[in-house]
2 protein chains.
Amino acid sequence: MAANAARLLSGPAVRALIFDLDGTLIDTVYGHVFAWQRALAEAGLPIDGWKVHRRIGMSGGLFTRAVAREVGRALSDAEAAQIQKRHGELFRELLPERRPLPGAVELLRYLRGAGITHGIATSGRRPEIDQSLVALEVPAETVVVERGDVLRAKPEPDLFLKCQQRLGVPPDECYVVGDAVWDLLGARRAKMLSVGLLSGGYGWDELISAGAFRVYRDPADLHRSLDELGIA
Amino acid sequence: MAANAARLLSGPAVRALIFDLDGTLIDTVYGHVFAWQRALAEAGLPIDGWKVHRRIGMSGGLFTRAVAREVGRALSDAEAAQIQKRHGELFRELLPERRPLPGAVELLRYLRGAGITHGIATSGRRPEIDQSLVALEVPAETVVVERGDVLRAKPEPDLFLKCQQRLGVPPDECYVVGDAVWDLLGARRAKMLSVGLLSGGYGWDELISAGAFRVYRDPADLHRSLDELGIA
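So, a few notes on the structure that sits alongside this text.

Thoughts on the packing of helix H4 (residues 60-71) of chain A against helix H5 (residues 77-94) of chain A
Residue and element names in this part refer to chain A.
Alright, step 1. At a minimum axis distance of 10 Å, the contact between H4 and H5 shows a crossing angle of 110 degrees. Relative to H5, H4 is oriented roughly perpendicular. As H4 runs across H5, the sense of the crossing is right-handed. Counted together, Gly60, Gly61 and Thr64 of H4 and Ala80, Ile83 and Gln84 of H5 form the full contact between these two elements.

Focus on the sheet that holds strand S3 (residues 143-145) of chain B
Residues and elements named next belong to chain B.
Alright, step 1. One open sheet accounts for 6 strands, arranged S3-S2-S1-S4-S5-S6; its pairing is parallel. Strands with a single pairing partner mark the edges of an open sheet, and in this sheet they are S3 and strand S6 (214-216). Averaged over all adjacent pairs, the angle separating strand axes in this sheet is 25 degrees, with direction ignored.
Alright, step 2. Across 3 bridges, the pairing between strand S2 (residues 117-121) and S3 is parallel.

Observations concerning the sheet that holds strand S5 (residues 193-197) of chain A
Residues and elements named next belong to chain A.
Alright, step 1. Strand order in the open sheet made by the 6 strands is S3-S2-S1-S4-S5-S6, with parallel pairing throughout. A strand with exactly one partner marks an edge of an open sheet, and here the two such strands are strand S3 (143-145) and strand S6 (214-216). Sheet twist, expressed as the mean angle between neighbouring strand axes with direction ignored, is 25 degrees.
Alright, step 2. Across the face of the sheet, helix H6 (residues 104-114) comes into contact with strand S1 (16-19) and strand S2 (118-121) while running at roughly 150 degrees to S1.

Observations concerning the packing of helix H2 (residues 29-42) of chain A against helix H2 (residues 29-42) of chain B
Alright, step 1. Running from N to C, H2(A) and H2(B) point in directions that differ by 130 degrees, and their axes come no closer than 10 Å. It follows that H2(A) is oblique to H2(B) by the angle criterion. Crossing angle aside, the handedness with which H2(A) passes H2(B) is left-handed. Contacts from Tyr30(A), Gly31(A), Val33(A), Phe34(A) and Gln37(A) of H2(A) reach H2(B) at Tyr30(B), Gly31(B), Val33(B), Phe34(B) and Gln37(B).
Alright, step 2. For the contact of H2(A) with H2(B), a count of residues per class yields 6 nonpolar, 4 polar and no charged.

A look at the interface of chain A and chain B
Alright, step 1. The interface is formed by 30 residues belonging to chain A together with 30 residues belonging to chain B.
Alright, step 2. When residues of chain A are sorted by the area they lose upon contact with chain B, Tyr30(A), Phe34(A) and Trp50(A) head the list and together hold 32% of the total.
Alright, step 3. On the surface where chain A and chain B come into contact, there are 2 salt bridges.
Alright, step 4. Taking the shortest distance from any N to any O, the salt bridge between Arg99(A) and Asp48(B) comes out at 3.0 Å.
Alright, step 5. Counting across the interface, chain A meets chain B through 10 residue pairs in polar contact (both at pLDDT 80 or more).
Alright, step 6. Sorting the residues of the side of chain A that touches chain B by element identifies H2, helix H3 (49-53) and helix H10 (204-209) of chain A as the ones contributing at least two each.
Alright, step 7. At 6 residues, the largest contribution of residues to the side of chain A that touches chain B is made by H2(A).
Alright, step 8. The residue makeup of the side of chain A that touches chain B, split by class, is 12 nonpolar, 7 polar and 11 charged.

Details of the pairing of strand S4 (residues 174-178) of chain A
For a regular strand, the rule is simple: side chains alternate between the two faces of the sheet.
Residues and elements named next belong to chain A.
Alright, step 1. Along S4, 5 of the 5 residues are buried, which leaves the element largely enclosed by surrounding structure.
Alright, step 2. Neither face of S4 is left uncovered, since the one carrying Cys174, Val176 and Gly178 and the one carrying Tyr175 and Val177 both have all their residues buried.
Alright, step 3. As judged from the 4 bridges shared by S1 and S4, these two strands associate in the parallel manner. Residue pairing for S4: leucine 17 is matched across the bridge by tyrosine 175.
Alright, step 4. Pairing analysis gives 4 bridges linking S4 to S5, with the strands arranged parallel. Paired with tyrosine 175 across the strands is leucine 193, a residue of S5.
Alright, step 5. In terms of handedness, the path from S4 via helix H9 (residues 181-189) over to S5 forms a crossover that is right-handed.

Some details on the relation of the copies chain A and chain B
Alright, step 1. With an RMSD of 0.0 Å, the operation that places chain A on chain B is a rotation of 180 degrees combined with a shift of 0.0 Å along the axis. Both copies are brought into coincidence by an operation consistent with a two-fold rotation axis. When each C-alpha of chain A is compared by its distance to the rotation axis, Gly203(A) comes out closest, at 2.6 Å.
Alright, step 2. Both copies present the same face, since 100% of the interface residues in chain A are matched by interface residues at the equivalent positions in chain B.

Some points on the packing of aromatic side chains
Alright, step 1. Evaluated as defined, the whole model comprises 6 aromatic pairs over all chains.
Alright, step 2. Aromatic pair Tyr30(A) and Tyr30(B): ring centres 5.9 Å apart, planes at 20 degrees, arrangement stacked. With Tyr30(A) in helix H2 and Tyr30(B) in helix H2, the pair connects residues from two separate chains. Like Tyr30(A), the residue Tyr30(B) is buried in the burial classification.
Alright, step 3. With a centroid separation of 6.3 Å and an interplanar angle of 25 degrees, the aromatic rings of Tyr175(A) and Phe213(A) are classed as stacked. Note that Tyr175(A) is positioned in strand S4 and Phe213(A) in the loop between H10 and S6, a separation of 38 residues in sequence.
Alright, step 4. Given a relative accessible area of 3%, Tyr175(A) falls into the buried group.
Alright, step 5. Given the relative accessible area of 42%, Phe213(A) is considered partly exposed.

A few points about the nonpolar core
Alright, step 1. In this structure, Leu40(A) and Leu40(B) are the most contacted members of the largest nonpolar core, which totals 68 residues.
Alright, step 2. Residues in contact with Leu40(B), not counting those within four places in the same chain, are Leu45(B), Pro46(B), Ile47(B), Phe63(B), Val67(B) and Ile83(B).

What counts and what doesn't
Per chain, residue numbering runs from 1 following the sequence as it is written. The naming scheme follows written order: chains are lettered A onward, ligands numbered 1 onward. Local features in this predicted model are restricted to residues whose pLDDT is 70 or higher, and side-chain atom pairs enter the listing and the counts only when it is 80 or higher, whereas totals over whole chains, interfaces and linings include all residues. Note: side-chain values were computed over all heavy atoms of the structure, leaving out hydrogens and water. Axes here refer to lines fitted to C-alpha atoms; in helices the fit is confined to the stretch in contact. Angles between the N-to-C directions go from 0 to 180 degrees. Only runs of H or I of at least four residues qualify as helices and only runs of E of at least two qualify as strands under DSSP, and these elements are numbered from the N terminus. Geometric relationships in this document are graded by angle, where less than 35 degrees denotes roughly parallel, more than 145 denotes roughly antiparallel, 65 to 115 denotes roughly perpendicular, and other angles denote oblique. Helix crossings are classified by the rotation of the near helix relative to the far one: an anticlockwise turn of less than a right angle makes the crossing left-handed, while a clockwise turn makes it right-handed. When checking whether two residues touch, look at their non-hydrogen atoms; a contact exists if any pair is within 4.5 Å. By the convention used here, strands pair only if DSSP detects at least 2 bridges between them. In this count, Pro and Cys sit with the nonpolar residues alongside Ala, Val, Leu, Ile, Met, Phe, Trp and Tyr, while Asp, Glu, Lys and Arg are called charged and the others, Gly among them, polar. Once two parts are put together, the accessible area they lose, assessed with a 1.4 Å probe and summed over both, is termed the buried area. Definition used for salt bridges: Asp or Glu carboxyl oxygen within 4 Å of a side-chain nitrogen of Lys or Arg. We define a polar contact as two N or O atoms separated by no more than 3.5 Å, with the added condition that, inside protein, one atom must be a possible hydrogen donor and the other a possible acceptor, whereas residues neighbouring each other in sequence contribute only through side-chain atom pairs. Accessible area is worked out with a 1.4 Å probe on protein chains only. A residue is then buried under 20% of its type maximum, exposed over 50%, and partly exposed in between. The handedness rule is simple: strands pointing away from the viewer, and a clockwise path from the first strand over the helix to the second, make the crossover right-handed. The copies were overlaid by least squares, fitting only the C-alpha atoms of residues that reach a pLDDT of 70 or more in each copy. Note on ring pairs: Phe, Tyr and Trp rings are taken, using the six-membered ring of Trp, and paired if centres are within 6.5 Å. Classes follow the plane angle, with under 30 degrees stacked, over 60 edge-to-face and the rest tilted. In these notes, a set of buried Ala, Val, Leu, Ile, Met, Phe, Trp, Tyr and Cys residues joined through side-chain atoms within 4.5 Å is what counts as a nonpolar core.

Below is the structure:
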């Protein structure tokens, strides 16, 4: 009883970081936007760039349905699958090299060295994400949860919950770090705190409104500001 | 004296619209971002997509200098010119078709039919912008001020002031309509009101903070909302 009361009084300490991948650690958002826009236009579904941009980071299935609703016609499963496949081709063609965002490699290296629990949870899929993980110098032992590991991607909480389970840390001891409102919405649904990064091209206010506790420019800025998060 | 007092009491009526082009009337922002990012990477100046995005719409000269500062090295004039040339090539290659934003063609047609004074003021250049003007069905008699018509592009007020002069309307009777903070900053400096559009991928708050009186999604949304602007 006394121990329980003490636990309630002290509350959980936030001690783990769960990172999104595209736009948060690696500079791929604009490549994705452009590849989606072209794949959709080829399929007779022209859609504005900004509407694609604001939907990046949600699950590919949700994304294609959202786009279909936007342009006002239904998509068959085969058509949706074909568009996703074409997006992947165009993305690899347009962006053959993956470029880590400023400070991303150094931040992950620091967290490993300092023994701060962290993982990656992405709506992307293997093998498509492998090249990004290599560019980020992520070792095999780092917990990486990808689209294929869960039934439902962001903004459902599944990716974050699976990551937290594999890290062995309760949800209320985790921060989600992401660049899209889908990360922040997923974090809320997973009962986690969240931090936004501007490096995916959302505005500060959009990230704060979606629930981010703080917003930083990019991984380098987050690294400099870790003390502001009270990470133990 | 009496006439003067009456003029002061009634104040100017806002009655003209000055439109930005890329991201405001035509869906080219993400193509520009991607083309700039590749042109810069080829020149050994890799830079994050979001930083390019937030600089689109300023003059090309200012843009390349801003990027050089960001990556921490000076650019010769020849190098800057070469990057701008390469950006143009990549842009035409990546985005061979220009797609008007939703409602843009209809809005311009309505303004012509209703006799509402309007013009276009863009940091873009002829002949690069010609294809966009054709796609927007802009007739030859519409006032279009482009980069080559002024000494300094946005966020300097020159493009807007030249447009207002050619329209024969004083600055305080003009609204600038734009998607980028550079349009809104230029409008302030030209002593004009401004309206923001989300169709260039900035957030609502960024546009309001930069001085927009109202923010709409795209030209179609602006068209439906013209009464909110008190356009005579």
